[in-house]
Amino acid sequence: MLLLFLLFFYSPIVAQTQIGRSVERPVKAAVVNFQQMADLESLLPRPPINRMSFIPNEKTEYTEPDSPISPAPTGTVIANRVTVASPSPVLNYEGVPDGPQTGSGFWNIPPDTYGAVGLDKVFVQVNNNYRILNKTTGAQLSVVSIETFWNSLGADGDNVFDPRIVYDPYNNRWIVAAVSNGNNAASRVLLGISQTHDPQGNYNLYSFDPDAGTANWADYPMLGFNKNWIAIGSNMFPVTSGSPPNRFYVIDYPALRNGT
């Protein structure tokens, strides 16, 4: 009798924690080399800048509400937070200009800037291009359009936006993410990982279908990692109507580093 009571009492909690969980496999996978793509794109003609695009769902301005916590004097402690002034940059140079997409003249608005710093190089991203810079001088080493980088995934790599990148200093890998085909049933969540510490080398790329029912699309991914997992969270919006729940991917990081 006690066992039945315990099962009845705890079953709603267990069931609730399982809602929405599923195991998913990549829809497509590919291996690309950043420098090879950069070399090919450098041979393309420079077309005139005659087209502009607006990233889906980003026409509406959103204002962050004012923080209830007033600024504190430097070095004080407020609500378990230590406020210490950030150190000044050791180096100063331009990260990446907001220009047209390499090889097409296609211009995305807004740029959605992102970047990460590795051992000797810096990887900076906008909705138009991915650039590799020399960490010491800021000199551009390679540039590849965002579309070309993901193009090996076929249609899954079309109309890519909201780039994300982090550098893992413990395993010396670059982890990249994005979404594609916004406001469309062909929406995809994109994930890539470098095979070495060199951002100009090989990457394993993967695409995931955020909604097998094709009723919703993924927007604005956020990317993080620890020693065991890579996490990607994305906002979900209906292609036509509805209010879908947001999605959160947890990916086996050691397996990913091994190419599986």
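Residues numbered from 1 in each chain as written. Predicted model: local features only at pLDDT ≥ 70, side-chain atom pairs only at ≥ 80, totals over all residues. Heavy atoms only, no water.

Caption draft 1: Looking closely at the nonpolar core. Core analysis: the largest hydrophobic core is formed by 23 residues, its most contacted members being Phe-34, Phe-123, Tyr-130, Phe-149, Trp-150 and Tyr-203. Looking at this core, the elements that each hand over two or more residues are β1 (28–33), α2 (34–41), β8 (129–134), α3 (146–150), β10 (160–168), β11 (173–180) and β13 (202–208). In this structure, Tyr-203 is in contact with Ala-30, Val-31, Val-32, Phe-34, Phe-123, Phe-149, Trp-174, Ile-193 and Ser-194, ignoring residues within four places of it in sequence. (Core = buried A, V, L, I, M, F, W, Y, C linked by side-chain atoms within 4.5 Å. Buried < 20%, exposed > 50% of the residue type's maximum accessible area, 1.4 Å probe, protein only. Helix = DSSP H or I, 4+ residues; strand = E, 2+ residues; numbered from the N terminus. Contact = heavy atoms within 4.5 Å.)

Caption draft 2: Region of the structure containing the sheet that holds strand β14 (residues 216–225). The strand order across the open sheet built from three strands is β14-β15-β16, with neighbouring strands paired in antiparallel fashion. Single-partner strands in this sheet number two, and they are β14 and β16 (247–252). Strand-to-strand twist in this sheet, taken as the mean axis angle between neighbours without regard to direction, amounts to 25°. Sheet analysis places strand β15 (residues 229–238) next to β16, joined by six bridges and oriented antiparallel. Counterpart to Ile-230 in the pairing with β16 is Ile-251. (Pairing = 2+ DSSP bridges. Axes fitted to C-alpha atoms, helices over the stretch in contact; angles between N-to-C directions.)

Caption draft 3: Main features of the pairing of strand β9 (residues 140–145). Bridge count between β8 and β9: five bridges; the pairing is antiparallel. By the bridge assignment, Arg-131 is partnered in β9 with Val-143. Hairpin connection of β8 to β9: five residues between the antiparallel strands, including Gly-138 at a positive phi of 80°.

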